[in-house]
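Secondary and tertiary structure notes
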Amino acid sequence: MTDLKGLRRVALMGGAFNPIHNGHLAAAEETARLFSIDRVIFVPAGDPPHKSGFGMAPAADRYDMVSAAVADNPFFTASRIEIDRPGPSYSADTVRETRAAMDDGAELFFIIGADAAELLPEWRDAGRIFELCRFISVTRPGYVLTQPFGEDPGRQLLLCPLTPVSLSSTEIRAMIHLGRRVRYLIPDAVLRIIEDRGLYRSDEGFDWAASEKLRQTLKPSRYRHTMAVAREAERLAGIFGADARKARVASLLHDNAKTLGEDETRNLLAYSADGAALGETRRKYPKVFHAFIGAESARRDFGVTDPEILGAVRYHTTGRPDMPLLETVVYLADAIEETREDYPALSEIRRRVDASDLTGAMLASLLDTAGRFTPEALHPLTAAAIEYYNKKTERESRMEYDAMTKTWDKSAALAGAKAAVAAIEEKMGKDAAVLDISDISVMADYFVIATAGSAAQLKALADEIDKQMFGTGFRLRHQEGVSSSGWILLDFGSVVVHLFTKEQRGFYDLERIWGDAERILENGEWKIE
């Protein structure tokens with residue numbers, strides 16, 4: 001410790017200083033003036049026991065930044081006492097060594113923030129520290145601080161009300177990580193060290209900065225959801241071959257606009273090149289607006305320029321037709337992350353994801369979303385996405401294209417037709433027939449035709465077919481007719497089932513109309529496997 005002989009009043013100001021900023025300096029300057037302090041010693045922690053992990057710059061760099069910040073103030077100095085001391089840094093040791101370097105009648109103070117003052121009883125050797133120095137708690141005007149050691153005058157804190165500075169080292173680090181300007185928030189000399197040494201600027205730094213900023217702004221439950229989405233998106237990216245890094249960044253930012261105030265929203269709308277369109281989206285579709293404005297915030301406030309990441313943020317709520325893989329991964333991760341409370345479609349979406357059926361998972365999730373809105377409130381992109389994934393599901397369930405033979409494998413559609421016939425047999429339907437229409441129509445691959453003995457049996461056949469087809473992976477696209485009319489049509493995409501009473505089957509006579517189609521099931525016998 002530097003020789004402090006001859007100084008009447010000395011104050012320590014400890015902290016991680018990661019990095020030191022103008023708020024620290026302003027608080028020290030005002031405190032020194034109010035309490036007639038001869039010297040303020042800034043003590044960057046070497047190995048702070050309460051702060052560790054990513055985001056902590058090396059102790060030597062933090063000391064250099066503090067030294068540079070106080071160099072032009074004759075009343076300030078920096079000390080390496082905690083950096084040079086091996087092991088964890090404790091204020092009790094620093095206070096004892098400082099006290100030993102001072103004259104016997106001199107006064108020693110310790111400048112701390114109000115939040116730290118409330119935790120003083122938890123400090124190592126707290127009682128001994130109060131015997132060696134007095135604490136000055138920097139507070140906002142009007143702040144009421146509970147005396148943590150009771151009313152003993154020798155242990156009371158001195159309060160130093162200051163004009164609050166809305167600034168923290170965490171925010172400074174986040175801004176640097178995200179490429180935002182911090183000039184005038186930290187001393188120029190400190191900024192030069194950060195830039196010269198590349199402090200606070202890695203990919204992991206972005207994740208850390210973004211998560212720290214979100215931790216401060218989002219509700220705890222929303223923050224937990226965000227981090228769970230990021231984990232799930234990384235997992236899905238690894239399985240399906242998306243960029244895991246981009247998936248994580250998009251997931252971290254997908255709900256970043258959830259807490260935007262009115263002024264911030266207006267500023268973002270003015271910033272955006274699509275401000276007018278976004279304003280219309282906000283008016284007509286307020287429940288999904290956060291995703292669209294969130295992409296603008298990701299661009300402006302987090303420095304994201306990658307169009308794939310921005311798209312994943314923008315469409316994570318509405319979806320859209322033909323979503324790229326990264327958007328699909330983030331959309332589904334948001335729907336199925338581990339902390340999600342159960343909802344009707346959750347198990348189905350997870351089942352399809354686990355089966356690598358991204359198309360089916362997207363459709364199930366989109367349909368669930370649509371069910372939460374009235375037709376007027378449903379965003380057009382969601383409606384268009386449902387139509388797109390409906391058709392894509394039909395194509396994928398109908399056939400697989402063999403690139404070697406340039407032919408279609410209709411095995412999935414055939415399995416669907418056989419499931420429909422099995423259901424017909426289960427409910428005692430009559431005269432089941434299957435027509436292969438794939439070569440003569442784009443309507444479907446197979447028609448399944450059967451006869452019911454009554455309107456009640458007609459309905460029972462339809463219900464059982466829907467059940468068994470769903471178990472085979474087919475979803476009913478639409479239904480025509482009712483049992484009382486004597487006919488029902490069930491459209492499963494590649495398989496269309498026609499159910500009739502005996503009279504109506506003879507009237508429509510589909511076998512004659514589709515006479516060019518190959519009969520692959522007739523009189524109970526399959527002609528193909």
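Everything quoted here is computed from the prediction, not taken from an experiment. Within any chain, residue numbers begin from 1 and follow the written order of that chain's sequence. Under the rules for a predicted model, residues below a pLDDT of 70 receive no local features and side-chain atom pairs below 80 are neither given nor counted, while totals for whole chains, interfaces and linings still include all residues. Excluded from the side-chain calculation are hydrogens and water; included are all heavy atoms of the structure.

The subject of this paragraph is the overall build of the protein chain. A run of H or I in DSSP counts as a helix once it spans at least four residues, and a run of E counts as a strand once it spans at least two, with each numbered from the N terminus. Assigned secondary structure in the protein chain consists of 23 helices and 15 strands. For every residue, the accessible area obtained with a 1.4 Å probe (protein chains only) is divided by the maximum for its type, and the residue is called buried under 20%, exposed over 50%, and partly exposed between those limits. Among the 529 residues that make up the protein chain, the fraction classed as buried is 50%. For the protein chain, the exposed surface amounts to about 25,500 Å²; the carbon and sulfur share of it is 50%. Computed with the Shrake-Rupley method and a 1.4 Å probe, the accessible areas treat only the protein chains shown as cover for residues.

On to the environment of arginine 39, then. Here arginine 39 is to be found in strand β2 (residues 39–44). A residue is classified by how much of its surface remains accessible, and arginine 39, at 22% relative accessible area, is partly exposed. In sequence terms arginine 39 and leucine 4 are 35 residues apart; their C-alpha atoms lie 8.9 Å from each other. Here, residues are in contact when the closest pair of their heavy atoms is within 4.5 Å. Excluding residues that lie within four positions of it along the chain, arginine 39 makes contacts with Leu7, Arg9, Val10, Ala11, Pro74, Phe75, Phe76 and Thr77.

Before going further, it helps to spend a moment on the pattern of salt bridges. Salt bridge, as used here: a side-chain nitrogen of Lys or Arg that lies within 4 Å of a carboxyl oxygen of Asp or Glu. For the structure shown, the criterion picks out 34 salt bridges. Between arginine 231 and glutamate 338 there is a salt bridge, and its shortest N-O distance comes to 2.8 Å. With arginine 231 in helix α10 (residues 220–240) and glutamate 338 in the loop between α16 (325–336) and α17 (346–354), the pair connects residues that are 107 residues apart, well separated along the chain. Residues glutamate 387 and lysine 391 are paired through a salt bridge, measuring 3.4 Å at the closest nitrogen-oxygen approach. A residue pair is termed a helical-turn pair when its members lie 3 or 4 positions apart in one helix, as glutamate 387 and lysine 391 do in helix α19 (residues 380–398) at four residues. By relative accessible area, glutamate 387 is classed as partly exposed at 46%. Among the residues examined, lysine 391 registers a relative accessible area of 44% and is labelled partly exposed. Residues joined in a network through salt bridges with shared partners are Glu348, Arg351, Arg352, Asp357 and Arg475.

The next subject is the layout of surface pockets. Think of a 1 Å grid over the protein atoms and nothing else: a 1.4 Å probe that fits but is trapped marks a cavity, an open set flanked by protein within 12 Å on at least five of seven lines marks a pocket, and residues with an atom within 4 Å of a point count as lining. Grid points are joined across faces, edges and corners, and a volume is the space filled by probe spheres set on the points. Approximately 520 Å³ is the volume found for the second largest pocket. Looking at the second largest pocket, it is lined by 19 residues, and the ones nearest its centre are Thr317, Asp334, Arg340, Thr369 and Arg372. Elements represented by at least two residues in the lining of the second largest pocket include exactly α10, α16 and α18 (358–370). Across the lining of the second largest pocket, the residue classes tally to four nonpolar, seven polar and eight charged. All residues other than Ala, Val, Leu, Ile, Met, Phe, Trp, Tyr, Cys, Pro, Asp, Glu, Lys and Arg, Gly among them, are scored as polar; the first ten of these are nonpolar and the last four charged.

Our focus in this paragraph is the sheet that holds strand β13 (residues 495–501). Across the sheet, which stays open at both edges, the seven strands sit in the order β11-β12-β13-β10-β9-β14-β15 with mixed pairing between neighbours. One side of each edge strand has no neighbouring strand; the edge strands of this open sheet are β11 (478–480) and β15 (525–526). A pair of strands counts as paired when DSSP detects no fewer than two bridges linking them. Sheet topology places strand β10 (residues 446–452) next to β13; seven bridges connect them, and they run parallel. Bridged to valine 448 within β13 is valine 497. To get an axis, fit a line to the C-alpha atoms, keeping to the stretch in contact for a helix; angles then go from 0 to 180 degrees between the N-to-C directions. Packed on one face of the sheet, helix α20 (residues 411–426) meets β9 (430–436), β10, β13, β14 (518–522) and β15 and runs near 5° to β10. Docked against the sheet, helix α21 (residues 455–472) engages β10, β12 (487–491) and β13, running at close to 165° with respect to β13.

Pairing in this open sheet of six strands is parallel, and the strands run β3-β2-β1-β4-β5-β6 from one edge to the other. At either margin of the open sheet sits one strand with a lone partner, and together these are β3 (76–78) and β6 (158–161). Looking at each pair of strands side by side, their axes are set apart by 30° on average, direction ignored. Note that strand β1 (residues 9–15) and β2 share six bridges and pair parallel. Across the sheet, residue methionine 13 finds its bridge partner in β2, namely phenylalanine 42. Across the sheet, helix α1 (residues 22–34) is in contact with β1, β2, β3, β4 (107–113), β5 (134–139) and β6; its angle to β2 comes to roughly 150°. Strands in contact with helix α2 (residues 59–70) are β2 and β3; relative to β3, the strand with the most contacts, it is inclined by about 160°.

Another aspect to go through is the packing of aromatic side chains. Two rings from Phe, Tyr or Trp (for Trp, the six-membered ring) form a pair when their centres are within 6.5 Å of each other. A pair whose planes differ by under 30 degrees is stacked, one over 60 is edge-to-face, and the rest are tilted. According to the stated counting rule, one finds 12 aromatic pairs in the structure shown. Joined through ring pairs, the aromatic side chains of Phe110, Trp123, Phe130 and Phe135 make up one cluster. Over the ring of tyrosine 90 we find arginine 124, and its NZ or CZ is 4.4 Å from the ring centre. Whether a charge sits over a ring comes down to the Lys NZ or Arg CZ being within 6 Å of the ring centre and within 35 degrees of the ring normal. A cation over an aromatic ring shows up here: arginine 372 above the ring of tyrosine 343, its NZ or CZ 5.2 Å from the ring centre.

Before going further, it helps to spend a moment on helix α12 (residues 262–271). When we look at burial in α12, the residues that qualify are Thr265, Leu268 and Leu269. For α12, the buried positions fall inside an angular range of 100° around the axis, keeping them on one side. Residues of α12 that are exposed and angled more than 90 degrees away from the buried face: Asp263 and Ala270. Tucked into the core, α12 has its buried residues touching α13 (275–284) and α14 (289–301). Within this analysis, the arc is defined by the directions that extend from the helix axis to the C-beta atoms.

For the rest of this paragraph, the subject is the pairing of β12. Across the five residues of β12, four count as buried, placing the element largely inside the fold. Direction of pairing for β11 relative to β12: antiparallel, over a ladder of three bridges. By the bridge assignment for β12, glutamine 479 is matched with leucine 490. Hairpin connection of β11 to β12: six residues between the antiparallel strands, including glycine 481 at a positive phi of 80°.

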